[in-house]
Number of protein chains: 6
Amino acid sequence: MIDITKKPEIYRQATAKGKITLKNKTIQQIIEGKIEKGDPFQIAKVAAILAAKNTSSIIPLCHQIPLTSINVDFQIINDHNIEVVTSVKTKAQTGVEMEALTATAVALLTIWDMTKKYEKDTKGQYPTTEIRDLRVIQKIKEK
Amino acid sequence: MIDITKKPEIYRQATAKGKITLKNKTIQQIIEGKIEKGDPFQIAKVAAILAAKNTSSIIPLCHQIPLTSINVDFQIINDHNIEVVTSVKTKAQTGVEMEALTATAVALLTIWDMTKKYEKDTKGQYPTTEIRDLRVIQKIKEK
Amino acid sequence: MIDITKKPEIYRQATAKGKITLKNKTIQQIIEGKIEKGDPFQIAKVAAILAAKNTSSIIPLCHQIPLTSINVDFQIINDHNIEVVTSVKTKAQTGVEMEALTATAVALLTIWDMTKKYEKDTKGQYPTTEIRDLRVIQKIKEK
Amino acid sequence: MIDITKKPEIYRQATAKGKITLKNKTIQQIIEGKIEKGDPFQIAKVAAILAAKNTSSIIPLCHQIPLTSINVDFQIINDHNIEVVTSVKTKAQTGVEMEALTATAVALLTIWDMTKKYEKDTKGQYPTTEIRDLRVIQKIKEK
Amino acid sequence: MIDITKKPEIYRQATAKGKITLKNKTIQQIIEGKIEKGDPFQIAKVAAILAAKNTSSIIPLCHQIPLTSINVDFQIINDHNIEVVTSVKTKAQTGVEMEALTATAVALLTIWDMTKKYEKDTKGQYPTTEIRDLRVIQKIKEK
Amino acid sequence: MIDITKKPEIYRQATAKGKITLKNKTIQQIIEGKIEKGDPFQIAKVAAILAAKNTSSIIPLCHQIPLTSINVDFQIINDHNIEVVTSVKTKAQTGVEMEALTATAVALLTIWDMTKKYEKDTKGQYPTTEIRDLRVIQKIKEK
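Residues numbered from 1 in each chain as written. Chains lettered and ligands numbered in written order. Predicted model: local features only at pLDDT ≥ 70, side-chain atom pairs only at ≥ 80, totals over all residues. Heavy atoms only, no water.

Helices and strands together make up the secondary structure of chain A, namely four helices and four strands. Counting from the amino terminus, helix and strand elements in chain A follow one another as β-α-α-α-β-β-α-β. For chain A, the spread of C-alpha atoms along the three principal axes comes to 55 × 25 × 25 Å. Within chain A, the fraction of its 143 residues that count as buried is 63%. Here chain A displays about 5,400 Å² of accessible surface, and carbon together with sulfur accounts for 47% of that area. Where the 22 positive side-chain charges of chain A centre and where its 16 negative ones centre are 3 Å apart. (Helix = DSSP H or I, 4+ residues; strand = E, 2+ residues; numbered from the N terminus. Buried < 20%, exposed > 50% of the residue type's maximum accessible area, 1.4 Å probe, protein only. Areas by Shrake-Rupley, 256 points an atom, 1.4 Å probe, with all protein chains shown as cover. Lys, Arg positive; Asp, Glu negative; His and termini not counted. Charge placed at Lys NZ, Arg CZ, Asp CG, Glu CD.)

Laid out in structure tokens, this is it:
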């Protein structure tokens, strides 16, 4: 683990974004509130927030960083895609892009889990479902 | 959480695959064993195995499933891309695709964390790095 | 920890119930969907499900029991009270009342956390808020 | 999760209190040190301390707060009731009442678990046992 | 992680043993019940039981094994040494020696933590304290 | 848990050391990179780092301390012994020797787990394997 002992505590923020591709029919069922397991965005938001706070246990070489803000947003961007954007803030000795990325990945995985039933084909396979475009879109640190 | 009380315990297997895009220079440093934080594949493998076992805590509506096998493979598929393939096995009342997907996502996130230093541009942003093509490539269950 | 090695694996079910007393105004804001932190019942449900699965880490002498079903219901029973009822099922060598109780307690605590802002008086104290009547209402085991 | 980025780090303290109702006979066995699973108060104290430190993983929207003090006290207040009082302290950007409440709830649940055997009737039900009166009795913050 | 998919579920038991060397004065204070932080054996027992159940998260390549019995015993064997013996049982596809060892190690570490204050010299160093002789003393499996 | 509320945040460092005794043949196989489960030192390092960060959940009365550096080193010191040395750093209100000790213990346990197959005799027992000499070798705090 990188030694950050001598780095100053400064304000830091990171934003990550990712997408999940689903069948159009599944997107429709989300819009209509018909997903049997519950509201995918509500559940995914909770999962993302918990994952952000737990990043240093999930990603082995991450430092333990208490986050002062976690914001997770969901948007249906077209017939087949949902976009998740997560922003996290802290005052810390190292950056928090892994927290933003981990939260976003877990939100996307949770949407998959919530919609599994509608995405499987008759052989139990997932021809459409895909998590993609997971990127850090902005990192800010106090000068 | 879906009620699986009456489903039989049968043999189940799932395989997930995902990619991370890195700078060609970073890929070279991985090949040459020059990543300062350690061997990204070894660390990512451990992270993936721990995540697979911990899936029911990370993805809220997943059942607790003791896995009998977790296999994580890494391949540098070209100048810019690493592919991670994870297979998990169990005898259980429900499928384990979320375990395979979660492990693969965590392996890819760990590679990101291990190579962060080499991927950042002079403004601390990540113009190249991207996790993508995360899919379930095979689900098998005993008839 | 009690030795359950020689007990048979049988079907088991447990249901727990508990209440939280809130200000009438807070109850109104829940009904109207105006709680700033999000929908208390959705968040509390996720928290309860995760807690049920994690009971053996929270309550030291509980055995590790994979649950096959967790059901959490919320009801506004009058102007001041919300009732949470949690049912869990498993096939195991010991009962699951602690799982049902822990999940219910965590659901109630999460409602508290979600509505804190509306429950505090001008001195930051909680004159109204109270968790109470947490009981096991039914335990069933296969003969 | 509420954004606390701009709030100052100040001294904070919270105290929560709760009760568990048990059979008089069970209370007697606790007094006489005859509970087969061990000393309920010792075990419940450890469970409470661990829960206080783990609050941000149990209650989804709680911030990660390192506590500087956790104090858990047990008192047999009459023939049927045990009272648990938990005080926690920290220097942080937000209050710690959820930590005090979560610790108290887990202490009470652990007492239930430790005395289950003595509380069950011949049908395996719990006619007497009840967790109740869980409240925040004091919140203090540095001016 | 070793693939145990085809191994049969059989009865398994493992016992581990380890020692901690303390100052004679510290041993006396344990005997007299004067350790300020509480009873080291009670706290260490809880820590050991929780660690045994959590072994697959602590030791990366261990399988998730639900234990049916965990027994932790403490003995002051002479003026300077405490011995911890942990036995665990399960019905599983692989052995549980790592669970017995991890629990014993955590019990010994917890005793250290409980008695730190009495073991430190004036420079804050630990000239006497040592954990040693941590071994598996017996592994049994059903034929 | 000791009340550290009024202690100042100062620089602190702790180093722990421990050994594991293995068969000479197992040591040879580690040197030759022939351990089937993977590189024991790489896996043990990850396990140790995660354990250091998780100490306050493993050792009940430890405070939650964000570490700014964790360093784990492995050395084959002779035909039968591997030595693990772990140093941790922080700026905190209390010392971090338990973090260094816990990380070292978990590294040693992980080496055991990785080499189990080669250490067992024909009856499945471990006549050679032993964890020993686990000590704090240095504690430093800023004056």
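Structure's up, so let's keep going.
In this assembly, 14 residues from chain D lie in contact with twelve residues from chain A. Interface area, chain D with chain A, both sides summed: about 1,100 Å², of which 55% is carbon and sulfur. Three residues, D:M1, D:T5 and D:Q64, lead the burial of chain D against chain A; their summed loss comes to 54% of the area buried on that side. Our enumeration of links across chain D and chain A arrives at one salt bridge. Its salt-bridge partner being D:D3, residue A:K89 comes within 2.7 Å of it at the nearest N-O pair. In this assembly, chain D and chain A are joined by nine residue pairs in polar contact (both at pLDDT 80 or more). (Contact = heavy atoms within 4.5 Å. Buried area = accessible area lost by both parts, 1.4 Å probe. Salt bridge = Lys/Arg side-chain N within 4 Å of Asp/Glu carboxyl O. Polar contact = N/O pair within 3.5 Å; in protein donor to acceptor, adjacent residues only side chain to side chain.)

In this structure, A:I111, B:I111, C:I111, D:I111, E:I111 and F:I111 are the most contacted members of the largest nonpolar core, which totals 294 residues. Excluding anything up to four places from it in sequence, F:I111 contacts F:I20, F:L22, F:P40, F:F41, F:A44, F:F74, F:I82 and F:V84. (Core = buried A, V, L, I, M, F, W, Y, C linked by side-chain atoms within 4.5 Å.)

What follows covers the interface of chain B and chain A. Tallying the contact residues gives 39 residues for chain B and 39 residues for chain A. Where chain B abuts chain A, roughly 3,400 Å² becomes buried across the two surfaces, and 61% of that area is made up of carbon and sulfur atoms. The largest contributions to the chain B side of the interface with chain A come from B:L61, B:L109 and B:R135, which together make up 17% of the buried area. Across the contact surface, chain B and chain A share two salt bridges. Among the ionic pairs, A:E130 bridges to B:R135, the shortest N-O distance being 3.8 Å. Inspection of the chain B/chain A interface yields ten residue pairs in polar contact (both at pLDDT 80 or more). For the side of chain B that touches chain A, the elements supplying multiple residues, two or more each, are α2 (40–53), α4 (97–119) and β4 (130–141) of chain B. By residue number, the principal contributor to the side of chain B that touches chain A is α4(B), which donates twelve residues. Looking at the side of chain B that touches chain A residue by residue, the class counts come to 21 nonpolar, seven polar and eleven charged. In terms of strand pairing, strand β4 (residues 130–141) of chain A meets β4(B) through two bridges, oriented antiparallel. Residue pairing across strands places A:I131 opposite B:L134, the latter belonging to β4(B). (Nonpolar A, V, L, I, M, F, W, Y, C, P; charged D, E, K, R; others polar. Pairing = 2+ DSSP bridges.)

Attention now moves to the relation of the copies chain B and chain A. Each copy superposes on the other: chain B lies on chain A with an RMSD of 0.0 Å after a rotation of 180° and an axial shift of 0.0 Å. Such values leave the two copies arranged in the relation of a two-fold axis. Ranked by how close their C-alpha atoms come to the rotation axis, the residues of chain B are headed by B:R132, at 2.0 Å. Mapped onto chain A, 100% of the interface residues of chain B again fall at the interface, so both copies present the same surface. (Least-squares fit on C-alpha atoms with pLDDT ≥ 70 in both.)

Quick look at the relation of the copies chain D and chain A now. Once chain D has been moved 0.0 Å along the axis and rotated by 120°, it coincides with chain A to within an RMSD of 0.0 Å. Within this description, the copies of the chain are treated as partners about a three-fold rotation axis. If distances are taken from each C-alpha of chain D to the rotation axis, the shortest is found for D:P66, at 5.1 Å.

Residue and element names in this part refer to chain A. The full count for this structure, using the stated rule, is twelve aromatic pairs over all chains. On the basis of an interplanar angle of 10° and a centroid distance of 5.0 Å, the ring pair of F41 and F74 is categorised as stacked. Linking F41 in helix α2 (residues 40–53) with F74 in strand β2 (residues 69–78), this pair joins segments that are 33 residues apart in sequence. Here F41 falls in the buried class, since its relative accessible area comes to 18%. (Phe/Tyr/Trp six-rings, centres within 6.5 Å; stacked < 30°, edge-to-face > 60°.)

Geometric values such as these leave the question of function open.
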